[in-house]
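So you can see what is in the structure, the chains are spelled out below.
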Amino acid sequence: MPSNEKEYNGYLFDQLSILEEIEEVAKETNDIDRILKTVEKLKKRVNRKLYQQPPVENEI
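Because the structure is a prediction, the values reported are computed rather than measured.

Draft legend 1. Spotlight on the overall build of the protein chain. When you go through the protein chain residue by residue, the secondary structure sums to three helices and zero strands. Starting at the N terminus, the α and β elements of the protein chain follow one another as α-α-α. A separation of at least 24 residues holds for 56% of the contacts in the protein chain among residues at least 6 apart in sequence.

So, in structure tokens, the structure goes:
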């Protein structure tokens, strides 16, 4: 478990980076629509956590 909000945000940014790489590969494959829909859904989940209001620090 991350010990602070900065560390937690770092994990979320790493997840976004991975999704962006998958998105790049998906654009080169045949089943692009299905892959991109899944990636977009996952990116929305990560962004929801990353930009939540109030920030995680206020809950601890």
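Draft legend 2. Representation of a positive patch on the surface. A cluster of basic residues, Lys41, Arg45, Arg48 and Lys49, forms a positive patch at the surface. You can see arginine 48 is positioned in helix 2 (residues 32-50). Residue class for arginine 48 comes out exposed when judged on its relative accessible area of 57%.

Draft legend 3. Looking closely at the side chain of lysine 43. Residue placement: lysine 43 occurs in helix 2. Lysine 43 sits in the buried class, given a relative accessible area of 16%. A distance of 3.3 Å separates polar atoms of two side chains, one belonging to lysine 43 and the other to glutamate 23. Setting aside chain neighbours within four positions, we find lysine 43 in contact with Leu16, Leu19 and Glu23.

Draft legend 4. Spotlight on the environment of isoleucine 32. Along the chain, isoleucine 32 turns up in helix 2. Classification of isoleucine 32 as partly exposed rests on a relative accessible area of 25%. Filtering out sequence-adjacent residues up to four positions away, isoleucine 32 remains in contact with Ala26 and Lys27.

Thresholds, definitions, all that
One numbering rule holds for all chains: residues counted from 1, following each sequence as written. Given that this is a predicted model, residues contribute local features only at a pLDDT of at least 70 and side-chain atom pairs are listed and counted only at 80 or more, while totals for whole chains, interfaces and linings are drawn from all residues. Each side-chain value is derived from all of the structure's non-hydrogen atoms; neither hydrogens nor water enter the calculation. A run of H or I in DSSP becomes a helix once it reaches four residues, and a run of E becomes a strand once it reaches two; helices and strands are each numbered from the N terminus. The criterion used for residue contact is that any of the two residues' heavy atoms lie within 4.5 Å. Surface patches are defined over residues having more than 30% relative accessible area and no salt bridge, joining like charges when they lie within 9 Å and nonpolar side chains (Val, Leu, Ile, Met, Phe, Trp, Tyr) when within 5 Å. Accessible areas in this description were obtained via Shrake-Rupley with a 1.4 Å probe; residue shielding takes into account the shown protein chains only. By convention in these notes, a salt bridge is any Lys or Arg side-chain nitrogen within 4 Å of a carboxyl oxygen on Asp or Glu. For this count, His and the chain ends are skipped, Lys and Arg are scored as positive, and Asp and Glu as negative. Where a charge sits is defined by one atom per residue type, namely NZ (Lys), CZ (Arg), CG (Asp) or CD (Glu). Relative accessibility thresholds used throughout: buried, under 20% of the residue-type maximum; exposed, over 50%; partly exposed, between the two (1.4 Å probe, protein chains only). Under the rule applied, a polar contact is a pair of N or O atoms within 3.5 Å (in protein, one hydrogen donor and one hydrogen acceptor; residues adjacent in sequence only if both atoms are side-chain atoms).

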